[in-house]
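If you want the building blocks of each chain, they are given just below.
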Amino acid sequence: MIIDFTGKTVLVTGGSGGIGSAICQAFADSNATVAIHYNSNKKRAEHTLISLREGSHSIHGADLSNPDEVNKLVQSVSKTHGQIDVVVNNAAVVEQYDFDSLSYDDWQDVWARTIDTNLLGPAYLMYSAAKVMKEKGGGNFVNISSRGAFRGEPKAIAYGASKAGLNTLGQSMAQALAKDNIFVYTIAPGFVATDRVADMIDDSIRTQSPLNRVAEPEEIARTALWLASEGNEFLTGCIVDVNGASYLRS
Ligand SMILES: NC(=O)c1ccc[n+]([C@@H]2O[C@H](COP(=O)([O-])OP(=O)(O)OC[C@H]3O[C@@H](n4cnc5c(N)ncnc54)[C@H](OP(=O)(O)O)[C@@H]3O)[C@@H](O)[C@H]2O)c1
């Protein structure tokens, strides 16, 4: 099967991060033009940009917890490339804490930061990008969720809830946007070997999977690439587990 994104523009949020940069790589390797988004780490985004195969790729900064910046991001990508064919909603924050030690103020702050970035950011981005896609005849969204939405996240409760919300957002948007030839796919990874979780990965984590390891970012990227490729329209609304059978649901 040949996957070819020649002539397509793909916006990847969090292209400065571990999984995001692998996703940028996968799409660029399949001839897409990639719009790499970052929040605070412009250097990492530039590093991602330099590592991509030739093309008119671009980088764009935006704090996705700010609705105005979300809208400006879509305008910036649309102005630069004239189209947005695929959006990968990958950027997210995760704050780990001990529930018993949080004050009520801290609890509210964590929830606000997490929901603003991980749920409202993608919701607003999907709204604005869907308008651009509709004008051009359609498009695809791939949302990066988490196994934690199903399994629970006792050390990152707001994060788990934000990802459960992202799952439902994707399902409802799949139903709302299919008439416009816009399709929505969700990926729910288990642990993935990125810098963010490097300190947490030990044998107790690896043995959650019968493969005795965690995922590599490229495995999430490959799934995102395939889902966004042609011929998968009937999968719209799906949530694909990429967790090495570490948490099975039926
Ligand atoms: N790694 C795992 O084990 C794992 C497991 C399940 C799901 N996931 C999901 O996979 C995705 C990527 O994870 P990762 O491990 O690659 O994380 P990462 O390396 O920490 O990357 C996170 C990305 O999100 C961006 N970001 C953070 N806050 C933002 C904000 N307010 N506005 C815009 N962008 C913001 C960061 O941008 P800057 O660095 O530029 O600030 C960065 O590019 C996330 O959705 C995560 O929930 C990861």
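Coordinates for the structure precede this section.
Residues numbered from 1 in each chain as written. Predicted model: local features only at pLDDT ≥ 70, side-chain atom pairs only at ≥ 80, totals over all residues. Heavy atoms only, no water.

Draft legend 1. A look at the side chain of H57. Note that H57 resides in the loop between α2 (42-51) and β3 (58-61). Engagement of the side chain of H57 in a polar contact is seen with the backbone nitrogen of V34, the distance being 2.9 Å. Residues contacting H57, with those up to four places away along its chain left out, are A28, A32, T33, V34, L49 and L52. (Helix = DSSP H or I, 4+ residues; strand = E, 2+ residues; numbered from the N terminus. Polar contact = N/O pair within 3.5 Å; in protein donor to acceptor, adjacent residues only side chain to side chain. Contact = heavy atoms within 4.5 Å.)

Draft legend 2. Representation of the site of the ligand. Surveying the vicinity of the ligand reveals 30 residues, the closest of which are S16, S40, N90, Y159 and T194. Contacts to the ligand include S16, whose side-chain N or O atom sits 2.7 Å from an oxygen atom. Contact between the ligand and G18: an oxygen atom at 2.9 Å from a main-chain N or O atom of the residue. Here the ligand has 900 Å² of accessible area as a free molecule, and 89% of this is covered by the chains. At the level of elements, α1 (18-29), β2 (33-38) and α6 (157-177) are the ones that each hand at least two residues to the shell around the ligand. Residue composition of the shell around the ligand, grouped by class: 13 nonpolar, 14 polar and three charged. (Near = heavy atom within 4 Å. Areas by Shrake-Rupley, 256 points an atom, 1.4 Å probe, with all protein chains shown as cover. Nonpolar A, V, L, I, M, F, W, Y, C, P; charged D, E, K, R; others polar.)

Draft legend 3. The packing of helix α3 (residues 67-81) against helix α4 (residues 104-135), seen in detail. It is the contact of α3 with α4, at a shortest axis distance of 9 Å, that shows an interaxial angle of 35°. Crossing of α3 over α4 shows right-handed handedness. In this structure, α3 uses P67, V70, N71, L73, V74 and S78 to contact α4, whose residues at the interface are G121, Y124, L125, S128, A129 and V132. (Axes fitted to C-alpha atoms, helices over the stretch in contact; angles between N-to-C directions. Left-handed = near helix turned anticlockwise from the far one by under 90°.)

Draft legend 4. Region of the structure containing the packing of aromatic side chains. On inspection of all chains with the given rule, the structure shows four aromatic pairs. Judged by centre distance (6.4 Å) and plane angle (90°), the ring pair of Y97 and W107 falls under edge-to-face. One end of the pair, Y97, is in the loop between β4 (86-89) and α4; the other, W107, is in helix α4, with 10 residues separating them in the sequence. A relative accessible area of 9% places Y97 in the buried class. (Phe/Tyr/Trp six-rings, centres within 6.5 Å; stacked < 30°, edge-to-face > 60°. Buried < 20%, exposed > 50% of the residue type's maximum accessible area, 1.4 Å probe, protein only.)

Draft legend 5. The pattern of salt bridges, seen in detail. Inspection of the entire model under this criterion finds six salt bridges. Overlapping salt bridges, with partners in common, bring together K134, K179 and D180 in one network. (Salt bridge = Lys/Arg side-chain N within 4 Å of Asp/Glu carboxyl O.)

Draft legend 6. Here's a closer look at the pairing of strand β5 (residues 139-144). The element β5 is extensively covered by neighbouring structure, given that six of its six residues are classed as buried. In terms of strand pairing, β4 meets β5 through four bridges, oriented parallel. Directly across from N89, in β5, lies its bridge partner N143. Where the polypeptide runs from β4 across α4 and back to β5, its parallel neighbour, the crossover connection is right-handed. Pairing analysis gives six bridges linking β5 to strand β6 (residues 182-189), with the strands arranged parallel. Looking at β6, one finds that F141 is bridged to V184. (Pairing = 2+ DSSP bridges. Right-handed = clockwise from strand over helix to strand, strands pointing away.)

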